[in-house]
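# Structural features, examined
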Amino acid sequence: SFGISLTCGESEDPPADVAIELKAVFTDRQFVRNSCVAGEWGEEQSSIPYFPFIPDQPFRVEILCEHPRFRIFVDGHQLFDFYHRIETLSAIDTIKINGDLQLTKLG
């Protein structure tokens, strides 16, 4: 599994707002997304038309920030939209990536 988060800073106490958190869970074949505003997590979303990841195979994730949503693409195919829950998009300044993956490019 792996996770990608776009946050408004890195604060732990109080926790920084999370504009979008993406979690790929291979065992459940889910790509879960959520956000956290003022310390409160929203409703988790997990429906996708298909699970785009194959263990040990390269992939490309693109996160486009548009008004009024993020558009998520995997290997050039749009997978889902996630509508903004934070008000100030310009406050997003940090990307956090963790889990079992090897980065080859970040742009």
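See the structure printed just above.
The structure reproduced in this document is the subject of the present report. (Residues numbered from 1 in each chain as written. Predicted model: local features only at pLDDT ≥ 70, side-chain atom pairs only at ≥ 80, totals over all residues. Heavy atoms only, no water.)

A few words now on unusual backbone geometry. Looking along the chain, the bond that leaves aspartate 13 and enters proline 14 is cis, with omega of 0 degrees. Note that the residue after histidine 67, namely proline 68, is joined by a cis bond; omega there is 10 degrees. With respect to the helices and strands, proline 68 occurs in the loop between β5 (61–65) and β6 (69–74). One non-glycine residue, aspartate 56, lies in the positive phi region at around 65 degrees. Position of aspartate 56 among the secondary structure elements: in the loop between β4 (40–41) and β5. One non-glycine residue with positive phi stands out, namely aspartate 75, at about 50 degrees. Here aspartate 75 lies in the loop between β6 and β7 (77–83). (Helix = DSSP H or I, 4+ residues; strand = E, 2+ residues; numbered from the N terminus.)

Before going further, it helps to spend a moment on the nonpolar core. The tendency in soluble globular proteins is for nonpolar side chains to be buried as a group. Formed by 19 residues in total, the largest nonpolar core has its most connected members in Ile20, Leu22, Phe31, Phe53, Phe70, Ile72 and Phe80. Among the secondary structure elements, those contributing two or more residues to this core are β1 (2–7), β2 (18–25), β6 and β7. Of all the elements, β2 adds the most residues to this core, at 4 residues. Leaving out residues up to four positions away in the same chain, phenylalanine 70 has contacts with Leu6, Ala19, Ile20, Ile63, Leu64, Cys65, Phe80, Asp81, Phe82, His84 and Ile92. (Core = buried A, V, L, I, M, F, W, Y, C linked by side-chain atoms within 4.5 Å. Buried < 20%, exposed > 50% of the residue type's maximum accessible area, 1.4 Å probe, protein only. Contact = heavy atoms within 4.5 Å.)

This next bit is on the sheet that holds β2. Sheet strands pair by backbone hydrogen bonding; their relative direction is either parallel or antiparallel. Pairing within the open sheet is antiparallel, and its 5 strands lie in the order β4-β3-β2-β1-β8. In this open sheet, the two strands that pair with only one neighbour each are β4 and β8 (94–99). Bridge count between β1 and β8: 6 bridges; the pairing is antiparallel. Bridge assignment links isoleucine 4 to a residue of β8, and that residue is isoleucine 97. (Pairing = 2+ DSSP bridges.)

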